[in-house]
Amino acid sequence: MKRNKRAALADMAMRFRTDPDALRGMLSKWISKGRVQKLPSGTACGGGCCRCDPQSIEIYEWRG
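Note that the structure is predicted; figures quoted are calculated from it, not measured.

Our focus in this paragraph is helix H1 (residues 9-16). Residues separated by three or four positions in an α-helix point in the same direction, a consequence of the helix having 3.6 residues per turn. If you check which residues of H1 are buried, you get Leu9, Met12 and Ala13. Down the axis, H1 shows its buried residues gathered within 100° of arc, on one side only. Summarising the geometry of H1, the exposed residues directed more than 90 degrees from the buried face are Ala10, Met14 and Arg15. Directly beyond the C-terminal end of H1, a positive phi value near 50° is found at Arg17.

Set out below in structure tokens:
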């Protein structure tokens, strides 16, 4: 996340081979520290492919 600034929950779950719910728990710790922010529903990922419904994607942003 530091390098790319934004990441979708589904992408992180695949990358780390973990359950999205477990990952949400981990991300909540970073959110409470002000390092990560969950972006509003409907925020585009910025990938440019337009294959996913923006309403169905959870995107997190590194605030560092």
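Let us look at the nonpolar core. Counting residues in each nonpolar core, the largest one holds nine residues, listed as Ala7, Leu9, Met12, Ala13, Leu23, Leu27, Val36, Tyr60 and Trp62. For this core, the secondary structure elements donating two or more residues are H1, helix H2 (20-32) and strand E3 (59-62). It is H1 that contributes the most residues to this core, three residues altogether. With near-sequence residues (within four places) excluded, Tyr60 lies in contact with Met1, Lys5, Arg6, Ala7, Leu9, Met12, Arg24, Leu27, Ile31, Val36, Gln37 and Lys38.

Rules used throughout
Residues numbered from 1 in each chain as written. Predicted model: local features only at pLDDT ≥ 70, side-chain atom pairs only at ≥ 80, totals over all residues. Heavy atoms only, no water. Buried < 20%, exposed > 50% of the residue type's maximum accessible area, 1.4 Å probe, protein only. Helix = DSSP H or I, 4+ residues; strand = E, 2+ residues; numbered from the N terminus. Arc of directions from axis to C-beta. Core = buried A, V, L, I, M, F, W, Y, C linked by side-chain atoms within 4.5 Å. Contact = heavy atoms within 4.5 Å.

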